[in-house]
Amino acid sequence: MEPILVVRGLKTEFSTSHGILRAVDEVDLEIGKGEVLGLVGESGCGKTVTALSIMYLLQQPPGRIAGGEIWFRGLNLLAGSEDDIRVVPRTNAPPKFLPSDPLLKKHRARMNRVRGRGMSMIFQEPMSSLNPVLRVGYQVAEVLMFQRRQEICDRLLSRQDLTDQDLDLFRQAVATGDASERERLVADFCVRTGLRPDKVHALIDASGLPVEERVARVQRFAGRRRQGVGWWLRFLKRLDAMEETHYTREWERLSRLSLGQPAVDLFDPARNPRAKGLPPLATVSPRPDALRLYFRSAGGSGSDRRRGELLMPSEDLRARVEALLRESASGPFGAIFAIVKSVALEKDAIELRFRDPATDLFRTETELWSRRLLYRIVTSIPVVRSVLDRPIEEEARRHVVELFRRVRISEPTKVYDAYPHELSGGMQQRVMIAMALAGEPALMIADEPTTALDVTTQAQILGLLKDLRKRIDSAILYITHDLAVIAELSDRVAVMYAGKIVEDAPVADLFANPLHPYTQGLLQSISTESPKLEPGAPLPTIPGVVPDLLTPPPGCRFHPRCAFAFDRCRIEEPKLLSHGPNRRVACHLYAEEVASGAT
């Protein structure tokens, strides 16, 4: 399965009054297209911080991403963010994190092009995530107006006259004497046409006019609305297209310059068994348009090119490098090197070439700057902004109502105008799911979305997520404490302890044969998984608590609570190594040579 997200060596730190706390330490994850990866572990293990790091939603400072790579659809989401937060050492106090506001602003602007459309997040507690003073429907519509404005403008510009079905709905609203029924018909009519409800009600209440005259007036009103803001819709459509091109070009350039370490790992047989047989890699040279690979002879003792150890590449070596890229396309390296378009042979190196750089860059950037300036001037006047943006808001409202129907919210037009406190916990969570789906993301991160709900509502939300996964084919990173939910929903499971991944396996293999002692303890603590207990006997538990990450124990972080710990566990930290097909485990109980040799 081709990965859509690859996380490599992710480190996230927080500055506290007692020192630096590393909540996420060298985390490696990958999620394939349409796959559900379950992330489990006790509270305080770093699951939520991992999700917030991927989404770049950490509060900076006191937090910062200290290292690693997050590759999503061929882009390194952390490229260009290395200097967002500076660490200032102090003599008599813990180091201090200082933000670089201009760099933070730039990277957050780039991430705004990914959040919502590329990936989205369902937060753990909807009541603390929804704005209490805004109607829930508008909060979902904001996602569409920001992430899908170009498509909304396309639909508004291409919209034709009102259809016969639309006009029949309007006639029914005029003819009915029931106020609630009229409200429902008007809401459906406005959802279908994108017209304002207050204007439609005004036309219906014009009792002195014949019905057909009112129908004619609503047709003329719809035509004027489309023509009046057509220039603004075309302007916004062009502005959004240019901004998308600008950010994509900038991010691709930064991602290409960050390919050095992944290229080294690609040709390392320990990390990529397919690289066996190739000569050792001497050095790499990342450039905006290509990545140069320099090799040395297998018998050399070093990588110093001045000593004559540099290997002159041949056509055979170029073909083998190209074959390696092709064979690695189904794994994490395929997601990282997806931007490579061709492999060329140079005088002293193999060159991985990227897409051709954009031409006439000065003209396009100048036009983008001028359009941004005009947009700020026009929208600085509140009355003008509200008039120009109203058709876009109404079109977004129509799609939000459809989203509410998709997530099984009854009476969606009524719920659209409700405030968060007027909804039950299950309805609030459905609104959060609709918000996550609004941009049609390729990856959803669900952070314990059913924790605060009753059992019946939990089952409904899980059923909804399973149904939506089949319908939109979105990958899901599901964070939870509940292993029963993992067994029902996930394809693979990653077990996290004290900021590290300790086991990664397909869900059936993990439940049938857990390898890591921590995973075994989690499964044994489930009453249905435990052997038959005597009446009054305590349930099996894992002794102790998660260690303090300010001062984690040396060696394996689980060894103070592990019944199988021995001397090596107390001094040497285990690596996360392969152990059989599609399985990884970080434990000294399993021989390193066996684990690393498995494919």
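This write-up is about the structure you can find in this document. (Residues numbered from 1 in each chain as written. Predicted model: local features only at pLDDT ≥ 70, side-chain atom pairs only at ≥ 80, totals over all residues. Heavy atoms only, no water.)

## Overview of the overall build of the protein chain
And then number 1: Looking only at helices and strands, one finds 23 helices and 19 strands in the protein chain.
And then number 2: Seen through its principal axes, the protein chain has C-alpha atoms that stretch 95 × 75 × 50 Å.
And then number 3: Each of the 599 residues in the protein chain was classed as buried or not, and the buried ones make up 50%.
And then number 4: Expressed as a percentage of contacts within the protein chain between residues at least 6 apart in sequence, the contacts between residues at least 24 apart total 67%.
And then number 5: Taken as a whole, the protein chain presents about 28600 Å² of accessible surface, with 52% of it coming from carbon and sulfur.
And then number 6: Each charge class in the protein chain was averaged separately, 83 positive and 78 negative side chains, and the resulting centres sit 4 Å apart. (Helix = DSSP H or I, 4+ residues; strand = E, 2+ residues; numbered from the N terminus. Buried < 20%, exposed > 50% of the residue type's maximum accessible area, 1.4 Å probe, protein only. Contact = heavy atoms within 4.5 Å. Areas by Shrake-Rupley, 256 points an atom, 1.4 Å probe, with all protein chains shown as cover. Lys, Arg positive; Asp, Glu negative; His and termini not counted. Charge placed at Lys NZ, Arg CZ, Asp CG, Glu CD.)

## Quick word on the sheet that holds strand E16 (residues 492-497)
And then number 1: Spatial strand order, E8-E14-E15-E3-E16-E17-E19-E18: eight strands in an open sheet with mixed pairing. Every interior strand has two partners, whereas the edge strands, strand E8 (119-122) and strand E18 (577-578), have only one.
And then number 2: Sheet topology places strand E14 (residues 443-447) next to strand E15 (residues 475-480); five bridges connect them, and they run parallel. Across the sheet, Met 444 pairs through a bridge with Ile 476, a residue of E15.
And then number 3: Against the sheet, helix H17 (residues 425-437) engages E8 and E14, with an angle of about 175° to E8.
And then number 4: Along the sheet, helix H21 (residues 517-524) makes contact with E16 and strand E17 (500-506), crossing E16 at roughly 105°. (Pairing = 2+ DSSP bridges. Axes fitted to C-alpha atoms, helices over the stretch in contact; angles between N-to-C directions.)

## Focus: the pairing of E15
And then number 1: When you tally the buried positions in E15, you get six out of six residues, the bulk of the element.
And then number 2: Side-chain alternation along E15 places Ala 475, Leu 477 and Ile 479 on one buried face and Ile 476, Tyr 478 and Thr 480 on a second face that is also buried.
And then number 3: Pairing of strand E3 (residues 36-40) with E15, which is carried by five bridges, proceeds in the parallel orientation. Bridging across to E15, Val 36 finds its partner in Ile 476.

## A look at the state of the cysteines
Cysteine pairs can be covalently joined through their sulfur atoms, and such a bond is termed a disulfide.
And then number 1: All told, the structure shown has zero disulfides when counted by the stated rule.
And then number 2: Here Cys 562 is not disulfide-linked; the sulfur of Cys 569 is the nearest cysteine sulfur, at 6.4 Å.
And then number 3: Cys 562 gets classed as buried once you look at its relative accessible area, which sits at 18%. (Disulfide = S-S within 2.5 Å.)

## A look at the sheet that holds strand E4 (residues 63-72)
And then number 1: Spatial strand order, E2-E1-E4-E5: four strands in an open sheet with antiparallel pairing. The open sheet has two edge strands, strand E2 (19-32) and strand E5 (75-76), and neither has a second partner.
And then number 2: Looking at chain direction, E4 and E5 are connected through two bridges and run antiparallel. Opposite Trp 71, over in E5, you have Asn 76 as the bridge partner.
And then number 3: The strands touched by helix H1 (residues 47-55) are strand E1 (3-16), E2 and E4; relative to E1, the strand with the most contacts, the crossing angle is about 110°.

## Quick notes on the pattern of salt bridges
And then number 1: Enumeration over the complete set of coordinates arrives at 38 salt bridges.
And then number 2: Between Arg 320 and Asp 316 there is a salt bridge whose closest N-O contact spans 3.6 Å. Residue Arg 320 and its partner Asp 316 are located together in helix H12 (residues 315-327), separated by four residues, close to a single helical turn.
And then number 3: Residue Arg 320 is classed as partly exposed on the basis of its relative accessible area of 32%.
And then number 4: Taking the shortest distance from any N to any O, the salt bridge between Asp 417 and Arg 397 comes out at 3.5 Å. Taken together, the residues Asp 417 in the loop between helix H16 (412-416) and H17 and Arg 397 in helix H15 (residues 382-406) connect sequence positions 20 residues apart.
And then number 5: Classification of Asp 417 as partly exposed rests on a relative accessible area of 33%. (Salt bridge = Lys/Arg side-chain N within 4 Å of Asp/Glu carboxyl O.)

## Here we look at a nonpolar patch on the surface
And then number 1: On the surface, Ile 381, Val 383, Val 384 and Val 387 cluster together to form a nonpolar patch covering roughly 320 Å² of accessible area.
And then number 2: Mapping Ile 381 onto the fold places it in the loop between helix H14 (361-379) and H15. (Patch = residues over 30% accessible without salt bridge, like charges linked within 9 Å, V, L, I, M, F, W, Y side chains within 5 Å.)

## Topic: the packing of helix H10 (residues 230-257) against H15
And then number 1: Orientation of H10 relative to H15, taken along the N-to-C sense of each, is 75°, at an axis distance of 10 Å. When the axes of H10 and H15 are compared, the pair comes out roughly perpendicular. Contacts between H10 and H15 involve Trp 231, Trp 232, Leu 233 and Leu 236 from the former and Leu 388, Asp 389 and Ile 392 from the latter.
And then number 2: Here the residues of the contact of H10 with H15 sort into six nonpolar, no polar and one charged. (Parallel < 35°, antiparallel > 145°, perpendicular 65-115°, else oblique. Nonpolar A, V, L, I, M, F, W, Y, C, P; charged D, E, K, R; others polar.)

## Examining H15
And then number 1: The end-to-end C-alpha distance of H15, which contains 25 residues, comes to 34 Å, matching closely the 36 Å that a straight helix rising 1.5 Å per residue would cover.
And then number 2: Taken as a whole, H15 carries its principal kink of about 45° at Asp 389; the proline Pro 391 stands between one and four residues after it.
And then number 3: Directly beyond the C-terminal end of H15, a positive phi value near 65° is found at Arg 408. (Expected span 1.5 Å × (residues − 1). Bend = angle between axes of the 7 residues up to and from the residue.)

## Describing the side chain of Ser 120
And then number 1: Counting through the fold element by element, Ser 120 comes out in strand E8.
And then number 2: The residues touching Ser 120, leaving out its near neighbours within four places in the chain, are Met 55, Ala 436, Pro 441, Leu 443, Met 444 and Ile 445.

## Some points on the packing of helix H4 (residues 136-147) against H17
And then number 1: The interhelical angle for the contact between H4 and H17, taken along N-to-C directions, is 20°, at an axis separation of 8 Å. In terms of orientation, H4 lies roughly parallel with respect to H17. Judged by the sense of rotation from one axis to the other, the crossing of H4 with H17 is right-handed. Taking contact as the criterion, the partners of Val 136, Gln 139, Val 140 and Val 143 in H4 are, on H17, Val 431, Ala 434 and Met 435. (Left-handed = near helix turned anticlockwise from the far one by under 90°.)

## What to know about the packing of aromatic side chains
And then number 1: Tallying each qualifying case throughout the model produces six aromatic pairs.
And then number 2: Each ring, one from Phe 267 and one from Phe 295, has its centre 5.5 Å from the other, and the planes form 80°; the classification is edge-to-face. With Phe 267 in the loop between helix H11 (260-266) and strand E9 (281-286) and Phe 295 in strand E10 (residues 290-296), this residue pair connects regions lying 28 residues apart in the sequence.
And then number 3: Given the relative accessible area of 7%, Phe 267 is considered buried.
And then number 4: Judged by relative accessible area, which is 1%, Phe 295 ranks as buried.
And then number 5: Relative to Tyr 518, the ring of Tyr 497 lies with its centre 4.6 Å away and its plane at 55°, an arrangement referred to as tilted. On the criterion of sequence distance, the pair formed by Tyr 497 in strand E16 and Tyr 518 in helix H21 is long-range, its members being 21 residues apart.
And then number 6: The class of Tyr 497 is buried, set by a relative accessible area of 2%.
And then number 7: Put simply, the rings of Trp 232, Phe 235 and Tyr 375 touch in pairs and so form one group of aromatic residues. (Phe/Tyr/Trp six-rings, centres within 6.5 Å; stacked < 30°, edge-to-face > 60°.)

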